[in-house]
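# Structural features, examined
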Amino acid sequence: MAVEYKFPEGFWWGSAASATQTEGADKEGGKGKNIWDHWYEIEPNRFFEGVGPETTSDFYHRYKEDIQNMKEIGHNTFRMSISWARLIPGGEGHVNQEAVNFYNNVIDEFLANDIEPFVNLFHFDMPLELQEKGGWENREVVDAFVEYARQSFALFGDRVKKWFTFNEPIVPVEGGYLYDFHYPNIVDAKKAVQVAYNTMIAHAKAVKVYHASHDGKIGIILNLTPSYPRSQNPADLKASHVCDLFFNRSFLDPAVKGEFPADLISLLEEHGQLPNTQAGDKTLLKENIVDILGVNYYQPRRVKAKETLPNPYSPFMPDWFFDNYEMPGRKMNPYRGWEIYEKGVYDIMVNLKDNYGNIESFISENGMGVQNEERFLKNGRIEDDYRIDFIKGHLKWVHKAIEEGCNPKGYHLWTFMDNWSWMNAYKNRYGFFSVDIETKERTAKKSATWFAEASKNNGFNG
Ligand code: BG6
């Protein structure tokens, strides 16, 4: 069958998920507590309909069925994460053999089904004991992470050839230290900057360990959100530049170029927000850049110059430098409240080509969360044509980027099956498969069938 949007041979068709959002078995298999288990215990009211992370989608017990389903819908790759608190309860010291067995079984099952597992080490889930020591604020936690990374490479690196240190490392900074949507719910920009900085140091140290001992690829997964200015007015352009510095380049530049942007450093310095550093950090960052970059893209950021002065009594925030801009006529995903702007994915790729050495990359997350999806049930299947359109819309721009010489190697949907989404719990459903949260029964949606065809044909008709 001739297809209009044909992708290069070997294109990665798959999806992504994270340990805490899917495994469940929270109190089984010797797992330690992470910040999500703890936060849910003390503030269950923060979670949509009071649903916590104890059971989630039960991947821990159902991984064989899930991997079979992935194979059936044409996955050749899949990104999972390891739960640090499962592998090393408490975050430091003793490695939990039951967890080693579990992850070995999962990895082997993927390989037996010709699905390459990409493994990420940290997806928002800090072991509780380490958070009690200050989490990423504390350099001791950086060392603990590097040891966890070393153990993971040693245990699974013979079979796993694509590793990622962090998923969206800016999110715990925003959620945990600025905007109150992750534990420990601190609002303090100086701490936020320290957390971001130490995360980057942990990342570079893990990259160093990997490169010294293994021959696969290691990277990081970043949520790159193009910051479109309202207009070409210099004040709007400045607002978008500052946003780009804070929310994209704070991690993108050190990960790919090995250094923080000079403009970001001077802005933080001007406002007394620079982090504590140690001798040797600069060289460490410079010498340990990534081999591959995962790009999570959901929505663009649109900004304009600030219209009012910040309240002098409010704490320092990135938002001192810009206002969000609601572009008239923007296309929205009303359920999640996010704008849909497919071309964003192309703009990111062109930016990587022009300014970041055209680093090898892939779309590591893109997806559409929809509330009350049962309303689209027909003969037992969710007819999610909106999701198919969403995926196609983005893939067309990925295709164009490839035609123009950009370097994305694949596309992973968020996510394979409906999963537990942090504070939103099961509010918005993202999966190719729906999950009954009582019985855990999985059912393919229409998008799963579409994806199987697209993967088989290595492309699709517009
Ligand atoms: C990404 C995360 O930010 O977006 C996922 O890597 C998350 O963990 C996904 O679930 C969807 O966002 P949300 O907030 O709707 O769950």
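Scoring rules and cut-offs
Residues numbered from 1 in each chain as written. Predicted model: local features only at pLDDT ≥ 70, side-chain atom pairs only at ≥ 80, totals over all residues. Heavy atoms only, no water. 1 Å grid on protein atoms, 1.4 Å probe; cavity = no way out; pocket = protein on both sides within 12 Å on 5 of 7 lines; lining within 4 Å. Points joined across faces, edges and corners; volume = space filled by probe spheres on them. Helix = DSSP H or I, 4+ residues; strand = E, 2+ residues; numbered from the N terminus. Nonpolar A, V, L, I, M, F, W, Y, C, P; charged D, E, K, R; others polar. Buried < 20%, exposed > 50% of the residue type's maximum accessible area, 1.4 Å probe, protein only. Pairing = 2+ DSSP bridges. Patch = residues over 30% accessible without salt bridge, like charges linked within 9 Å, V, L, I, M, F, W, Y side chains within 5 Å. Areas by Shrake-Rupley, 256 points an atom, 1.4 Å probe, with all protein chains shown as cover. Salt bridge = Lys/Arg side-chain N within 4 Å of Asp/Glu carboxyl O. Lys, Arg positive; Asp, Glu negative; His and termini not counted. Charge placed at Lys NZ, Arg CZ, Asp CG, Glu CD. Core = buried A, V, L, I, M, F, W, Y, C linked by side-chain atoms within 4.5 Å. Contact = heavy atoms within 4.5 Å. Phe/Tyr/Trp six-rings, centres within 6.5 Å; stacked < 30°, edge-to-face > 60°. Lys NZ or Arg CZ within 6 Å of the ring centre and 35° of its normal. Near = heavy atom within 4 Å. Polar contact = N/O pair within 3.5 Å; in protein donor to acceptor, adjacent residues only side chain to side chain. Sits in = over half its atoms within 2 Å of the grid points.

The next point concerns empty space enclosed by the protein. The final tally for this structure, using the stated rule, is four cavities of 30 Å³ or more. As a volume, the largest cavity reaches approximately 120 Å³. Around the largest cavity, the lining is made up of 16 residues, and of these Ala17, Thr22, Phe59, Phe78 and Met80 lie nearest the centre. Mapped onto the lining of the largest cavity, the elements with two or more residues apiece are α1 (19-22), α3 (59-72) and β3 (77-81). Considering every element that reaches the lining of the largest cavity, the biggest residue donor is β3, with four residues. Tallied by class, residues from the lining of the largest cavity come to nine nonpolar, four polar and three charged.

All right, on to the pairing of strand β6 (residues 217-223) then. Taking burial as the measure, the seven residues of β6 include six buried ones, the bulk of the element. Note: strand β5 (residues 162-167) against β6, four bridges, orientation parallel. Along β6, the bridge assignment pairs phenylalanine 164 with glycine 219. By the bridge criterion, five bridges tie β6 to strand β8 (residues 292-296) in an arrangement that is parallel. Along β8, the bridge assignment pairs isoleucine 221 with glycine 294.

A separate point is a negative patch on the surface. A contiguous patch of negative charge, built from Glu65, Asp436, Glu438 and Glu441, is present on the exposed surface. For aspartate 436, the position within the fold is in the loop between β19 (433-435) and β20 (442-444).

This part takes up the nonpolar core. Side chains of a nonpolar character, in soluble globular proteins, are inclined to be buried together. Ranked by size, the top nonpolar core spans 130 residues in total, and within it Trp84, Trp136, Phe145, Trp163 and Leu293 carry the most contacts. No other element matches the 14 residues that helix α9 (residues 189-213) contributes to this core. Those residues in contact with tryptophan 84 that lie beyond four places of it in its chain are Pro89, Gly91, Phe122, Met126, Pro127, Leu130, Trp136, Val141, Ala144, Phe145 and Tyr148.

Here we come to the layout of surface pockets. One number sums up the size of the largest pocket: a volume of about 1,200 Å³. Phe181, Asn223, Gln299, Arg336 and Trp338 are, among the 41 residues lining the largest pocket, the residues nearest its centre. Tallying contributions element by element places helix α8 (residues 170-177) first for the lining of the largest pocket, with three residues. Residues that form the lining of the largest pocket fall into these classes: 18 nonpolar, 13 polar and ten charged. When its volume is computed, the second largest pocket comes out at roughly 650 Å³.

Okay, the pattern of salt bridges next. Under the defined criterion, the tally for this structure stands at 40 salt bridges. Note that glutamate 383 and arginine 381 form a salt bridge whose closest N and O atoms lie 2.8 Å from each other. According to the relative accessible area criterion, arginine 381 is partly exposed, its value standing at 27%. Put simply, Glu373, Asp384, Arg387, Asp418, Arg429 and Lys445 are held in one network by salt bridges that share partners.

Quick look at the sheet that holds strand β10 (residues 323-324) now. In spatial order, the strands read β7-β9-β10; together these three strands make up an open sheet with mixed pairing. The strands lining the two open edges of the sheet, one partner per strand, are β7 (227-229) and β10.

Here the structure, examined in full by the defined rule, presents 53 aromatic pairs. Here the aromatic rings of tyrosine 346 and tryptophan 397 are separated by 5.3 Å at their centres, their planes lie at 50°, and the arrangement is tilted. In this pair, tyrosine 346 is assigned in helix α13 (residues 343-355) and tryptophan 397 in helix α14 (residues 385-403), connecting sequence segments 51 residues apart. The class for tyrosine 346 is buried, based on a relative accessible area of 12%. Residue classification places tryptophan 397 among the partly exposed residues on the basis of a relative accessible area of 25%. Through a chain of ring-to-ring contacts, the aromatic side chains of Tyr5, Phe7, Phe11, Trp13, Phe432, Trp450, Phe451 and Phe460 assemble into a single cluster. Across the ring face of phenylalanine 247, the terminal group of arginine 301 is positioned such that the distance to the ring centre comes to 3.8 Å. In this arrangement the basic side chain of arginine 302 is found over the ring face of tyrosine 341, its NZ or CZ atom lying 4.7 Å from the centre.

On to the site of the ligand, then. Around the ligand, the surrounding shell holds 14 residues, and the nearest of these are Gln21, Glu168, Arg336, Ser421 and Tyr430. Contacts to the ligand include glutamate 168, whose side-chain N or O atom sits 2.6 Å from an oxygen atom. The side chain of arginine 336 places a nitrogen or oxygen atom 2.7 Å from an oxygen atom of the ligand. Alone, the ligand offers 380 Å² of accessible surface; in the complex the protein occludes 91% of this. Among the cavities detected, the one that contains the ligand is the largest pocket.

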